[in-house]
Amino acid sequence: MSVHKRVKLIFPPRSSPTYVPLGPAYLAAIARNYAGFSFHDTNLELWEQVCDSSPELVAMKNFLRSPLEVFLDQENYLFHISNMGTARRMIDRLSRYASKYAETGELDNDLAQLLLQQSLGMFDDNPEVIAFSCMYPDQLPFIVAHARYLRSICGCTVDIAIGGAAMSALSPIEMLSAFKHIDAILTGEGEISFKMLLDGKTYRDIPGIYFRENGNIEFSGKPQYVHDLALVDFPDFSQYAMKSYLNPVPVISMLGGRGCKWRQCAFCSHNNSFGPHRARPALAVVQEIIRLQELYACEHFYFADQYVDPALLEDICDAILAAGIRCRFHIMARTVPGYTRKLLEKASAAGCVWISWGMESGSQALLDIMRKGTEVQSSAQVIKDAYEAGISNLLMMIFGCPGTTPPYLDETFSFLDGIFPYIDGMTASAFVLFDGTPFSRNPSRYGLEVIGRDALFNVDGNIVHGTKLRFKREGEYGRSESPLATQEIDMWERRKVWLPELPFIGKLCCEHYLLFARSRDIIPRPKRFRRGA
């Protein structure tokens, strides 16, 4: 008879209070039949605590959980959401204290109170392993601070492990060298390794784990991934406080597949993700939607896929329409010609109300340098067709890309001038050089010189580096990081005042954008230019 491990799975701060964590729900589905497993969203718990600290934040919290018809009142929404910045600053301050405590052992009173409060709930089920799910690097300060607190203050002797997407982007050896309170780091997709952990296997026998043994840091070998997603059970949200997230109705993330089918963009760190692209059967996707509707009356779904290609979108939409279910959903996509007017109209009929388009640039030369695999002219037509089909368009742009020149920037500005009446939002991101991308593997080819790496933590000289690389460009002097991306964004900010004003939804968090995008009637969009007005 096998001996199962009792595992407490934690989703820590800091993440959005509107986000229902998807990764832990996949692991919870595996642990459904294991006694002693439990899940705790301490990120949501912290947001509750912060929102209860002032009358204004209490009012904001209550409004964001109000009935949908109340929530969709734009004026009231903007009034209450203006207080979100106050709550974020409070959590940011705690995050800085957490980093300082993890590095130096100096413990602030407010952080000590938070760590004590959250630690008490971690031992309810007498766990043998406390496992932190780390999706974002922003969660690391709270994780490493909590690990130190559990060991040095609480005298905790159970194993402390970290897994999640962020752990495959950082150096596990650097993490374990800096933070002696952490016993193991799980890399890669979680299903296989987590089941083996629950089954009581030793770290050495579980693929993809870095762990301590006899004073040394050991590695169990290359992580494994699930080849056939049809074998993966639906995510289990039964231990989530679904009504506590700051949304008026449930908004749940889901996946149509894993990995990126394109996987060629020169700037993208997802090229190094856990495994190849694998699509789920469309029928399984629709069955999951139906199940979530039955359990939580959920009609709004955020597809977290890195890229939903036209074939997968069509299969999912056909299955939704055949099942006759009502839903609203979002996808991320590349502006390839396969998104025809006919397909976009079908997607709209199936419930697709919002697409985030990875456009990146309006210069064909820059798109080619980025290996985006798209064309400016056909991209404009795809975006216009999506708009005419009733789908909200969010454009994702990158400024300061390697190879950029003033004429290329002018081409991007001209493209945006023409497409602006057809979009509801746009992100203007500064180019980031990520470790492990084609740009960083051969920087000189693109006129770049790497001058350093971001340091997330420094514990007695043991540095944990982030994935971002600091760089300068050809012709730039000194050792300062290149300012070109910031300069281009500043030029764009000055230029866009002459363009049509975008709806307010383009600035909202993912879940709230999806809720407001459900009806074009509530996002009126001026089409005339301000120039000369």
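This section reports on the structure supplied with the text. Bear in mind that the values here come from a model prediction, so they are computed numbers and not experimental data.

What follows concerns the sheet that holds strand β6 (residues 209-213). Hydrogen bonds between backbone atoms are what pair the strands of a sheet, whose relative direction is either parallel or antiparallel. With mixed pairing, 7 strands are arranged side by side in an open sheet as β2-β1-β3-β4-β5-β6-β7. Only two strands of the sheet have a single partner each, and these edge strands are β2 (38-41) and β7 (216-219). For this sheet, the mean inter-axis angle between neighbouring strands, taken without regard to orientation, is 25 degrees. For strand β1 (residues 7-11) and strand β3 (residues 129-133), the ladder comprises 4 bridges, and the chain directions are parallel. Paired with Ile 10 across the strands is Phe 132, a residue of β3. Against the sheet, helix α7 (residues 109-122) engages β1, β2 and β3, with an angle of about 145 degrees to β1. On top of the sheet, helix α8 (residues 140-152) reaches β3 and β4 (159-163); it is set at about 175 degrees to β4, its chief contact.

According to the stated counting rule, one finds 25 aromatic pairs in the structure shown. Judged by centre distance (5.1 Å) and plane angle (75 degrees), the rings of Phe 237 and Tyr 240 are edge-to-face. Each of the two residues, Phe 237 as well as Tyr 240, counts as buried. Every member of this aromatic cluster is reached through a ring pair, and the members are Phe 63, Phe 71, Tyr 77, Phe 504 and Phe 516. Lying across the ring of Tyr 101, Arg 148 places its NZ or CZ 5.7 Å from the centre.

It is worth spelling out the sheet that holds strand β17 (residues 448-459) at this point. Within the open sheet, the 3 strands sit side by side as β16-β18-β17. Their pairing is antiparallel. Two strands in the sheet have a free side with no partner beyond their single neighbour: β16 (433-434) and β17.

Further remarks concern the packing of helix α2 (residues 42-51) against helix α6 (residues 84-104). Two elements in contact, α2 and α6, have axes separated by 10 Å at closest approach and are oriented at 120 degrees. Put simply, α2 runs oblique to α6. As for how α2 packs across α6, the hand of that crossing is right-handed. Touching Leu 46, Trp 47 and Val 50 of α2 are Met 84, Ala 87, Arg 88, Met 90, Ile 91 and Leu 94, all from α6. By residue class, the composition of the contact of α2 with α6 is 8 nonpolar, no polar and 1 charged.

The next thing to look at is the nonpolar core. Considering soluble globular proteins, one finds that nonpolar side chains tend to be buried as a cluster. Residues Phe 237, Phe 329, Tyr 339, Trp 357 and Leu 395 are the most contacted members of the largest nonpolar core, which totals 108 residues. Look past the residues within four positions of Phe 329 in its chain and what remains in contact with it is Phe 301, Phe 303, Leu 313, Cys 317, Ile 320, Ala 347, Ala 350, Gly 351, Cys 352, Val 353, Trp 354 and Leu 514. Counting residues in each nonpolar core, the second largest holds 39 residues, with Val 353, Leu 394, Tyr 513 and Leu 514 among its members.

Inspection of the entire model under this criterion finds 0 disulfides. With no disulfide of its own, Cys 154 lies closest to Cys 156 among cysteine sulfurs, the gap being 7.3 Å. Lacking any disulfide linkage, Cys 260 is separated from the closest cysteine sulfur, that of Cys 265, by 6.5 Å.

Take the side chain of Gln 139 next. Relative to the assigned elements, Gln 139 resides in the loop between β3 and α8. With sequence-adjacent residues up to four places away left out, Gln 139 is seen in contact with Phe 11, Pro 12, Pro 13, Arg 14, Ser 133 and Cys 134.

Turning our eyes to something else, we now look at the packing of helix α11 (residues 282-296) against helix α12 (residues 310-323). Relative to each other, α11 and α12 sit at 50 degrees, their axes nearing to 8 Å. What the angle tells us is that α11 and α12 run oblique. The interaxial crossing formed by α11 with α12 has right-handed handedness. Within the contact between the two elements, α11 uses Ala 282, Val 285, Val 286 and Ile 289 and α12 uses Asp 315, Ile 316, Ala 319, Ile 320 and Ala 323.

Our next topic: the pairing of β2. Along β2, one buried face is formed by Ser 38 and His 40 and the opposite face, lined by Phe 39 and Asp 41, is buried too. Of the pairings in the sheet, the one linking β1 to β2 comprises 4 bridges and is parallel in character. In the strand pairing of β2, Ile 10 is matched with His 40. With respect to chirality, the unit in which β1 leads through helix α1 (residues 23-30) into the neighbouring parallel β2 is right-handed.

With that settled, consider the pairing of strand β11 (residues 300-303). Taking every second residue as pointing to the same face, both faces of β11 are buried, with His 300 and Tyr 302 on one and Phe 301 and Phe 303 on the other. Pairing of strand β8 (residues 251-254) with β11, which is carried by 4 bridges, proceeds in the parallel orientation. Counterpart to Ile 252 in the pairing with β11 is Phe 301. With 3 bridges joining them, β11 and strand β12 (residues 328-333) adopt parallel strand pairing. By the bridge assignment, Tyr 302 is partnered in β12 with His 330. With respect to chirality, the unit in which β11 leads through α12 into the neighbouring parallel β12 is right-handed.

What follows is about the pattern of salt bridges. For the structure on display, the rule yields 28 salt bridges. Look at the salt bridges and you will find they share partners, linking Glu 48, Asp 52, Lys 61 and Arg 65 into a network.

In this structure, the amide linkage connecting Pro 13 to the following residue, Arg 14, adopts the cis form with an omega of 0 degrees. With respect to the helices and strands, Arg 14 occurs in the loop between β1 and α1. One non-glycine residue with positive phi stands out, namely Ala 297, at about 50 degrees. Relative to the helices and strands, Ala 297 resides in the loop between α11 and β11.

Another aspect to go through is helix α18 (residues 484-495). The end-to-end C-alpha distance of α18 is 17 Å, a good match for the 16 Å that 12 residues give at a rise of 1.5 Å each. Among the residues of α18, Ala 485, Glu 488, Ile 489 and Trp 492 are the ones counted as buried. Here the buried residues of α18 occupy an arc of 100 degrees about the axis, which is enough to place them on one side. Turned more than 90 degrees off the buried face of α18, the exposed positions are Thr 486 and Arg 494. In the core, the buried residues of α18 are packed alongside β14 (392-399), α16 (406-419), β15 (425-430) and β18 (462-473).

Reading guide: rules and limits
- Residues numbered from 1 in each chain as written.
- Predicted model: local features only at pLDDT ≥ 70, side-chain atom pairs only at ≥ 80, totals over all residues.
- Heavy atoms only, no water.
- Pairing = 2+ DSSP bridges.
- Helix = DSSP H or I, 4+ residues; strand = E, 2+ residues; numbered from the N terminus.
- Axes fitted to C-alpha atoms, helices over the stretch in contact; angles between N-to-C directions.
- Contact = heavy atoms within 4.5 Å.
- Phe/Tyr/Trp six-rings, centres within 6.5 Å; stacked < 30°, edge-to-face > 60°.
- Buried < 20%, exposed > 50% of the residue type's maximum accessible area, 1.4 Å probe, protein only.
- Lys NZ or Arg CZ within 6 Å of the ring centre and 35° of its normal.
- Parallel < 35°, antiparallel > 145°, perpendicular 65-115°, else oblique.
- Left-handed = near helix turned anticlockwise from the far one by under 90°.
- Nonpolar A, V, L, I, M, F, W, Y, C, P; charged D, E, K, R; others polar.
- Core = buried A, V, L, I, M, F, W, Y, C linked by side-chain atoms within 4.5 Å.
- Disulfide = S-S within 2.5 Å.
- Right-handed = clockwise from strand over helix to strand, strands pointing away.
- Salt bridge = Lys/Arg side-chain N within 4 Å of Asp/Glu carboxyl O.
- Expected span 1.5 Å × (residues − 1).
- Arc of directions from axis to C-beta.

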